[in-house]
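An overview of the molecular structure
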Amino acid sequence: MAAETAVVQAGRGGFRALLRNRRFRLLWVSQFVSGVGDWLVIGFLMPLVTSLSGGSSFAVAGIMIAKIIPSLMFSSVIGALIDRFDRRRVMIACDVVRAVLALGLLVTNSLAAIYLIVLVMEVASLFFYPAKSALIPHLVDEDHLAEANGLSYTTQQASMLIGLTASGAILAGFEVAVRALLSSGFPLVNRLVGLFAPELLGPRAGVFLDTLTFVFSAACIALIRVQGCAGCGRPEFEWRLVGRDAIESFTFLGEHRELRAFLIAIGLAILGGGAIIPVGLVYVQQNLTGTVPFLDMVPVIERLMAARQTFMLVLLAFGMTAGALVAPRLSERLRLQVLFSGSIAAFGLAMLGFASVGLYWLAAIFAVVAGAAVAVVSVAGNTYVVRTVDDSIRGRVFTSLESVIRVALLVSMVVVAPLGDVLSGVVQRIVVASGVAPADVMFTGSRLTLQSASLIVLGAAVFAYVTLWRRSGREVSQVTEPRDVGLPGTAEAMAALTCGEAVTLSGVVYVARDATHARLSGELERDGVLPYGLAGQVLFYAGPTPPAAGRPAGAVGPTTSRRMDGWTPELLAAGVTATIGKGPRSEAVRAACAEHGAVYFAVVGGAAALLARHVTAIEPVAYPELGPEALVRMTLDEMPAFVAIDARGCDMYAGGAR
């Protein structure tokens, strides 16, 4: 039983070690089955909508538009909600909602109703996937995050591929199972199954199967046990705070230069790379000749290759799967910034190669490489977010990432993809005017569009290189050996520190967040002194999780310090000598530090498990009813930090660091 509840420790074994972790295994199975269901309904709806609309391609495109629009409208609010509630329960609720909505497709032939159902199902999916990504760090060890993200990405791609391309085979297998039940001879089975036989054996049988996938997924998630409440940053949820949390998440993105650059690079890469599907399939039909040697000798593959466009998608998906498998190994040998920018460049070059050849087998090689590069970009990006962003806001950042991806993909479909039609028309007019035979035309509209789009991807790689890799290298090279600061520390020791200086922190601190600050402020106003001997002590804005891996806390995630700015000046005036948190402070806090000789230390967000290794003891002090927000005494041992605001009021975030 202990083996099931313990976090898998780092070591060799990679994916096998992850799948031995029962909690992650349940999450993985749930994601796969739920993902198949998410796209199975699309595979079922595309022919249905085509029939209902009389063959309108725009009506079919409306399904995909309905899947993209929710992220543009609700992503920030969804992210705030994910970080407020238990992510495991959020995922269960999403599956239940999608199961009920899928059944609604049984009773309507209205295109408007179908679009609405798809839209609401996508809203539920927007909750599901960021909650899953933010839950993974609670299930696996820090050293296995890259492998976990790689396997999660592979599963997501595989489930999409199966749900879309194998929907017919899945439904045929489902029909065989239903007919076997009907012929079993058991009266109760015949009565129950026979009651729904017309629907179970009809064209909408996929609706029932889709519902079953979501029910099964919810059951898997319900079996996962997580210590504490993963994602419950505060004991109570107030709707008036949702807007503040959403603003806070985007404020964080605006203040974090590397994360902002990361999102821009992702957006540019998808803006150009998104054209490889709609334009690339036309390009395959117009420009490529021949087959793939040797593969056409295998009967099954030969039949698949008869549909040349579909087979190219299979090769692209194969590359994605292979890339996701090797990405964790690459992340062990390369810095994430290097891996991220390099894989974008590889994707751009592969796309350019794909668009510049005329032989099918050469284009197939480039398609595999492009798919692998896309997978490495995604895995490196997700791992980068996990290691950079604190758990209390991680759900919002993953939601923002999903939003950037979907917006870029939508713009690519609406702007870049139609460019192929425009260029095709221009090329055709030139060909007709010049009297050149169409077969002799090398630069078709689809080829020119793909080549132009690949240049956008390469531009994204250059941008990522400049903003992430080179800047990171300069910053790292300037770091010197930090001095160890004993806490709570004397006034003389605090005065000797300089803003921007790297330090390590050792000694006793008191962990306090929003709810505790409100209590302390009230008692200070009532009694005129700080309770619990906090005068002369240090406050640490953090959220320690329950003990794990033999440590007093499984993780210690620093909280955004701005949340405490309204209380900090009065607490410093009452005797608090220093504060520890994450991110910049207000001008009022900077002035209070200068007035009272106090210091503000900043620790790095997104390294909660690593910071926990520097905690040697935790002892409750007060307010146990506040749960995760209770006041606790914590002993630190050489926890890495920076002097963000020194005792003279010099602010590192305002450019004061020397």
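Residues numbered from 1 in each chain as written. Predicted model: local features only at pLDDT ≥ 70, side-chain atom pairs only at ≥ 80, totals over all residues. Heavy atoms only, no water.

1. A word on the environment of V511
Positionally, V511 belongs in strand β2 (residues 502-511). Considered as a pair, V511 and V538 are 27 residues apart in the sequence and their alpha carbons are 8.6 Å apart. V511 has contacts with F540, A542, P544, A630, L631, V632 and M634, leaving out every residue within four places of it along the chain. (Helix = DSSP H or I, 4+ residues; strand = E, 2+ residues; numbered from the N terminus. Contact = heavy atoms within 4.5 Å.)

2. Some points on the pattern of salt bridges
Applying the stated criterion across every chain yields a total of nine salt bridges. Between E619 and R633 there is a salt bridge, with the nearest N and O atoms lying 2.9 Å from each other. A residue pair is termed long-range when its members are at least 10 positions apart, and E619 in strand β8 (residues 615-622) and R633 in strand β9 (residues 631-645) qualify at 14 residues. Through salt bridges with shared partners, a single ionic network connects E523, R526 and D527. (Salt bridge = Lys/Arg side-chain N within 4 Å of Asp/Glu carboxyl O.)

3. Some points on the nonpolar core
Ranked by internal contacts, the top residues of the largest apolar core, which has 50 residues, are F262, M312, F340, I344, M351, F354 and L450. Elements with a minimum of two residues in this core: α13 (257-273), α14 (278-287), α16 (308-333), α17 (336-354), α18 (360-388) and α20 (445-477). Looking at this core, the element that brings in the most residues is α18, giving 13 residues. Ignoring any residue separated from it by four or fewer positions in sequence, one finds F340 in contact with F262, A265, I266, V377, A380, G381, A464 and L468. Ranked by size, the runner-up nonpolar core spans 28 residues in total, among them V503, V511, A578 and A641. (Core = buried A, V, L, I, M, F, W, Y, C linked by side-chain atoms within 4.5 Å. Buried < 20%, exposed > 50% of the residue type's maximum accessible area, 1.4 Å probe, protein only.)

4. As for a nonpolar patch on the surface
Nonpolar side chains collect at one region of the surface, where L325, V326, L330 and L334 lie side by side and expose about 300 Å² of accessible area between them. Along the chain, L334 turns up in the loop between α16 and α17. (Patch = residues over 30% accessible without salt bridge, like charges linked within 9 Å, V, L, I, M, F, W, Y side chains within 5 Å. Areas by Shrake-Rupley, 256 points an atom, 1.4 Å probe, with all protein chains shown as cover.)

5. Focus on the packing of helix α5 (residues 87-104) against helix α6 (residues 111-135)
For the pair α5 and α6, the least separation of the axes is 9 Å and the interaxial angle reads 160 degrees. By the angle between their directions, the pair α5 and α6 is classed as roughly antiparallel. Both α5 and α6 take part in a crossing whose hand is left-handed. Taken together, the residues of α6 that come into contact with α5 (itself represented by R87, V90, M91, C94, D95, V97, R98, L101, A102 and G104) are I117, V120, M121, A124, S125, F127, F128, Y129, A131, K132, A134 and L135. A breakdown of the residues in the contact of α5 with α6 according to their chemical character gives 16 nonpolar, two polar and four charged. (Axes fitted to C-alpha atoms, helices over the stretch in contact; angles between N-to-C directions. Parallel < 35°, antiparallel > 145°, perpendicular 65-115°, else oblique. Left-handed = near helix turned anticlockwise from the far one by under 90°. Nonpolar A, V, L, I, M, F, W, Y, C, P; charged D, E, K, R; others polar.)

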